[in-house]
Amino acid sequence: MPSDANKKPAAAIDTKAASPARNAPINLRLSADDKIGLFRTMVRIRRFEERALRAYQAKKIGGFLHLYIGQEAVAVGCCSLMGKNDHVITAYRDHGHAISVGMGLNEQMAELYGKATGCSKGKGGSMHFFAPDRNYWGGHGIVGGQIPLGTGLAYALKYQGLKGAAMAFMGDGAVNQGAVHEAYNLAALWQLPVVFVIENNGYSMGTSQSRSSAGALSKRAEGYDMLWGQCEAHDIYQVRATMDEFLHRAREESKPSVVELDTYRYRGHSVADPDSTYRPKAEIEEYRRTKDPIQVYQKSLLAEGVLTDALVEQIDQAARAEADAAAEFADASPFPTPDDIQKDVYWEADNPAERKSQGRLFFD
Amino acid sequence: MPVITYREAIRHALAEELERDANVVVLGEEVAQFNGAYKVTEGLLAKFGPKRIVDTPISEAGFIGMGVGASMLGIRPVMELMFWSFYSVAFDQILNNAANVRYMSGGLINCPIVIRGPANGGTNVGATHSHTPENVLANHPGVKVIVPATAYDAKGLLKSAIRDNDPVFFLENTILYGEKGEVPAEEYLIPLGQADVKRAGTDLTIVTYGRSVLHSLAAAELLQKEHDVSVEVVDLRTIRPLDIDTVLASVARTHRVLIVEEQKPFASVGSQLAYMIQREAFDELDGPIHRLATVDAPAIYSPPVETEQLPNPQRILKAALEAMQ
């Protein structure tokens, strides 16, 4: 295997050599209120996820629950860069993205509880939060299955002559799915404005990156002559600075890219994961101690004078209260009825005045 | 009235809908420069250009998934599968994404895609290229499935399919591409979910669709001439939504049913039909429901033997006489 230690990848944008991420233009642009807003959103995600976990343990939530705890800077950082023609799609660890694009906590918690007031009317569950009016296209359960969809969002933007980019998120485990490679090829061949974002938390369920993937993840883009980049994503400034470069290239030049954001999750793959077989507790504690994205940003903003201890406390209390209120809302909401099971299947069945087809759409 | 081929009828439907709606895009392998593996899209690239008629790499999961994603933002992709047999490499995109995204979002999204292409045996192309997956597709709530038998039906149904706001799967037949039929020059639509009695009769109802309709009509002629059996042939045209009422009305007239389908037997379209007919018209039946399907094995290559594996007029005649006993 030829050594490429000295070979600088031609297509990469080297953001590490740039000035500290805090001073990147995209970050200098942030007002104090903007910064507090980013911080607040990360805290709200953290407290929502923790409240969801307690609800799951209290048997209010069924099925799967894939928590975003530890990865907050990725969703908040990326989504904070969205313009009106930018779109987001992700996999099943989707609550952080949902909160970052501005979806309400009530409708999300109600969805987890399977209630009719849920953002998907209780029909999707944890893995399937959607908000088309916020350019957020889910929430998908099959690993890598959402990536061709993300390429499609970019295709539509280009077809319609809109200046925008699609961010298609996946985990480190998804990069080996065939559909992902097909999507890479299409994006590169047709120069579609998509940024493929690999949220690399080091583990694909219980299998580490080194046990899953040959070669470096984002560097695979070179095989498709695509731009690529990578950064440590516990630092929201780095996330923004890195992603801004690639979003700019997508929007302005219709250039696709693969960006690897290195992050970490404190909890298991899902609540069903005992998290006792594949990584040492010390590793989790080390990350939590030195790279917690909320702590890192909090420290930075305290030093800047943007945050005070009092404000931090207030934000945290408000986030806990908001999550608790969401749980109360969910608890008090009704379930859908069996009559609702066959609604939202066909556009035509849901819009009977405009139905053109005849015959039976459903069977028994 | 003009007489055109089934292939031309599909091409005209595509051209008319491309003209009508700027969001319609035709994508697939060899659809543009090659003029289509089966020449269905011949001339469309010259007429509409490379933005509307798009050659894709061999990447069904990729380009179909891409089409589904684009449809969420208002594009109306008409994607060609060179053979419907290739659907299985894109199964997740077709039957997890296209079929389910509306439901999982609680009705916030719809995917107005069309996937079209030939689904048939009878051309000696072997086990992996001869699939007829209409039963597999129709098993999934959220999708619509059409199998037209004639040029007239193909054109009217494809136009309706492209205008439909749900995912529609359109299954053609390479052997039917050259079949000619009367097709009006003026625009017309055929609604999805409307069956068509192709031949009126009194003694036996043959329920069928696709190429088996033509075989059944040929068998019906022989049954009338040589056996004095009057056969009514009901062409489903659409599998889902299903026009079961037309089928049941026919059963009420003839009281005997033979289902003819180019399908492997287990969990075929006919299996579902038989359940529905006996459930809803039990008292109308003078005998059990019969069914002639493909002989239950992977598609054989050997040309003369493949003809005997599929429904054909002689096999249908024999099955009809059995159904009359």
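Here, every reference points to the structure presented above.
Residues numbered from 1 in each chain as written. Chains lettered and ligands numbered in written order. Predicted model: local features only at pLDDT ≥ 70, side-chain atom pairs only at ≥ 80, totals over all residues.

Caption draft 1: Fine view of the sheet that holds strand β10 (residues 204-208) of chain B. Residues and elements named next belong to chain B. Strand order in the open sheet formed by five strands is β9-β11-β10-β13-β14, with mixed pairing between adjacent strands. Two strands lie at the open edges of the sheet, namely β9 (196-199) and β14 (290-292), each paired on one side alone. Ignoring strand direction, the axes of neighbouring strands in this sheet form an average angle of 25 degrees. Summarising the sheet, β10 and strand β11 (residues 231-235) pair through five bridges and their orientation is parallel. Bridging from a neighbouring strand, threonine 208 pairs with aspartate 235 of β11. On the sheet, helix α9 (residues 269-281) packs against β10, β13 (257-260) and β14 and is oriented at approximately 160 degrees with respect to β13. (Pairing = 2+ DSSP bridges. Helix = DSSP H or I, 4+ residues; strand = E, 2+ residues; numbered from the N terminus. Axes fitted to C-alpha atoms, helices over the stretch in contact; angles between N-to-C directions. Contact = placed C-beta atoms within 7 Å.)

Caption draft 2: Structural context of the nonpolar core. Among the nonpolar cores identified, the biggest contains 204 residues, and Ala168(A), Val194(A), Val195(A), Val197(A), Val26(B), Leu258(B) and Ala320(B) are the most heavily contacted of them. Per-element accounting of this core gives the leading share, nine residues, to helix α2 (residues 32-57) of chain A. Split by domain, this core shows at least three residues from each of two domains, domain 1 (3-182) and domain 2 (196-323) of chain B. Apart from residues no more than four positions distant in its own chain, Val194(A) is found in contact with Gly150(A), Thr151(A), Ala154(A), Ala165(A), Ala166(A), Ala168(A), Ala187(A), Ala250(A) and Pro256(A). (Core = buried A, V, L, I, M, F, W, Y, C linked by C-beta atoms within 7 Å. Buried ≥ 20, exposed ≤ 12 C-beta atoms within 10 Å, placed from the backbone. Domains from an automatic or database assignment.)

Caption draft 3: Geometry of the environment of Arg199(B). Residue and element names in this part refer to chain B. With respect to the helices and strands, arginine 199 occurs in strand β9. For the pair arginine 199 and tyrosine 152, spaced 47 residues apart in sequence, the C-alpha separation works out to 16 Å. Apart from the residues within four sequence positions on either side, arginine 199 is in contact with Leu217, Ala220, Val231, Glu232 and Val233.

Caption draft 4: Representation of unusual backbone geometry in the model. Look at the link from Gly138(A) to Gly139(A): it is a cis peptide, with omega at 20 degrees. Positionally, Gly139(A) belongs in the loop between α5 (105-112) and α6 (146-159). Backbone geometry at Met205(A) places phi at a positive 55 degrees, although glycine is not the residue there. Residue placement: Met205(A) occurs in the loop between β4 (203-204) and β5 (207-208). Although it is not a glycine, Lys39(B) adopts a positive phi angle of roughly 65 degrees. With respect to the helices and strands, Lys39(B) occurs in the loop between β2 (24-28) and α2 (44-48).

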